[in-house]
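Fold and contact review
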Amino acid sequence: MFIRQILSTKGGRVIGTAPATTIAEVVGLLERERIGAVVVTDEQGRLAGILSERDVACGLARHGPALLAMRAEQIMTAKVITCAPDDRVDQVMQQMTAGRFRHVPVLEDGAMVGIISIGDVVKSRLEELEQERSQLQDYIVGAA
Ligand code: AMP
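All of the points below concern the structure found in this document. For clarity, every value in this text was computed on a predicted model and none was experimentally measured.

Along helix H2 (residues 23-33), the positions that sit buried rather than exposed are Ile23, Val26, Leu29 and Leu30. Mapping the buried residues of H2 onto a view down its axis gives an arc of 110 degrees, with all of them on the same face. Facing away from the buried side of H2, by more than 90 degrees, are the exposed residues Glu31 and Arg32. The inward-facing, buried residues of H2 abut strand E1 (16-17), strand E2 (37-41), strand E3 (47-52), helix H3 (53-63) and helix H4 (72-75).

As structure tokens, this is what we get:
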């Protein structure tokens, strides 16, 4: 299974924000869009970082209520791990597990074409396993 297959059902919408957006606004965006992370893009639309609810929680522990007035670029992760549509889902899942992050933007020819969450990966893996189970059952029943 490839990342492209997940994007074909999920779509390529990526919710992003500017580096100067306040954390208060980012939190509003996360809540409105029911997502766990936003990508941060520069004026040219290039990927500048990623900011997840984990960063908000750690930021609150570190800065207290002053966090809300801080800018996204102050607490985002600037070194973003990305994947490509032709990457295999199980390899991306391994990267997420090893790096302890749950979101991976998908880039194709330098452009952002989607974002994959751990939820998307688990869903696709479960569907794949169910398909295998059903094929095995058909095979066993057919052979009996
Ligand atoms: P998450 O599990 O996605 O909530 O993120 C946990 C931590 O990893 C946060 O500090 C995020 O900013 C960071 N993070 C999330 N996604 C990525 C990614 N694709 N590459 C690098 N860091 C990430």
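A few words on the nonpolar core. Membership of the largest hydrophobic core comes to 14 residues, with the highest contact counts inside it found for Ile23, Val26, Val38, Leu51, Leu67 and Ile75. Listing elements by their share of this core, those giving two or more residues are H2, E2 and H4. Other than its neighbours up to four places away in sequence, valine 26 contacts Thr17, Thr21, Val38, Leu51 and Ala72.

Around the ligand, the surrounding shell holds 14 residues, and the nearest of these are Ser52, Asp55, Thr77, Arg102 and His103. In the environment of the ligand, an oxygen atom lies 2.7 Å from a nitrogen or oxygen atom belonging to the side chain of serine 52. Relative to its free-state accessible area of 470 Å², the ligand is covered by the protein chains to the extent of 91%. Contributing elements (two or more residues each) for the shell around the ligand: E3, H3 and strand E4 (103-108). Looking at the shell around the ligand, the element that brings in the most residues is E4, giving three residues. Residues of the shell around the ligand, tallied by class, amount to six nonpolar, three polar and five charged.

Moving on, we get to the pairing of E4. For E4 and strand E5 (residues 111-117), the ladder comprises six bridges, and the chain directions are antiparallel. By the bridge assignment for E5, leucine 107 is matched with methionine 112. Connecting E4 to the next strand, E5, in antiparallel fashion are two residues, including aspartate 109 with a positive phi near 50 degrees.

Cut-offs and rules
- Residues numbered from 1 in each chain as written.
- Predicted model: local features only at pLDDT ≥ 70, side-chain atom pairs only at ≥ 80, totals over all residues.
- Heavy atoms only, no water.
- Buried < 20%, exposed > 50% of the residue type's maximum accessible area, 1.4 Å probe, protein only.
- Helix = DSSP H or I, 4+ residues; strand = E, 2+ residues; numbered from the N terminus.
- Arc of directions from axis to C-beta.
- Contact = heavy atoms within 4.5 Å.
- Core = buried A, V, L, I, M, F, W, Y, C linked by side-chain atoms within 4.5 Å.
- Near = heavy atom within 4 Å.
- Polar contact = N/O pair within 3.5 Å; in protein donor to acceptor, adjacent residues only side chain to side chain.
- Areas by Shrake-Rupley, 256 points an atom, 1.4 Å probe, with all protein chains shown as cover.
- Nonpolar A, V, L, I, M, F, W, Y, C, P; charged D, E, K, R; others polar.
- Pairing = 2+ DSSP bridges.

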